[in-house]
Amino acid sequence: MRKPWRWFPVVAAAAVAAVAACGEDGGTGGGPSVELQVLAGIAFPAAEGNFVHVLTPRTNASKLMVVGDQTNSANWTKFNLRLEDGDVIRISVISIAEDTLGTGECVVALAGAADPSYARAVAFYFAPPNNYVDCADNLDLP
């Protein structure tokens, strides 16, 4: 008798490959390259395979959400994107089952920033309906 759960790693790897195929901005059009840093609004997010999805005027990208101590910048999910001042971007946290756990929009605010090479958001996804994305450094609410 086959055990259906033994195929889970193969299915998960295929899902990751499909999502990764969305890729990051290839550098065409738009403003300067900006590192978008997305932190989990949970001190130690569960390692359950959540994704961060970012939609900009020029990019549709997804990555696995990095887990671990969110006070350590090595555990943030990072995207290199071409962003322009005033761009509206949508950031979502999506489960491996494709459920949206939290989403929000931010406006890129690089003009006059002390360091315009990055923008930062914090995604809070505890329990609906209290899930949201907090626009932080170099991002404003729409």
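Quantities reported herein were computed from a predicted structural model and do not represent experimental measurements. (Residues numbered from 1 in each chain as written. Predicted model: local features only at pLDDT ≥ 70, side-chain atom pairs only at ≥ 80, totals over all residues. Heavy atoms only, no water.)

Here's the deal with the state of the cysteines
Part 1 of the argument: In the structure shown here, the tally under the stated rule is one disulfide.
Part 2 of the argument: Between Cys106 and Cys135 runs a disulfide, and the two sulfur atoms are separated by 2.1 Å. The S-S bond linking Cys106 to Cys135 shows a torsion near -95 degrees; that makes this disulfide left-handed. Separated by 29 residues along the polypeptide, Cys106 in strand β6 (residues 100-108) and Cys135 in strand β8 (residues 132-135) bring together distant segments of the chain. Across this residue pair, the class does not change: Cys106 and Cys135 are buried. (Disulfide = S-S within 2.5 Å. Helix = DSSP H or I, 4+ residues; strand = E, 2+ residues; numbered from the N terminus. Buried < 20%, exposed > 50% of the residue type's maximum accessible area, 1.4 Å probe, protein only.)

A look at the environment of Leu139
Part 1 of the argument: Relative to the helices and strands, Leu139 resides in strand β9 (residues 139-140).
Part 2 of the argument: Residues Leu139 and Glu105, spaced 34 residues apart in sequence, show a C-alpha to C-alpha distance of 9.5 Å.
Part 3 of the argument: The residues contacting Leu139, other than those within four sequence positions of it, are Leu36, Ile89, Cys106, Val107, Val108, Ala109, Ala119, Arg120 and Ala121. (Contact = heavy atoms within 4.5 Å.)

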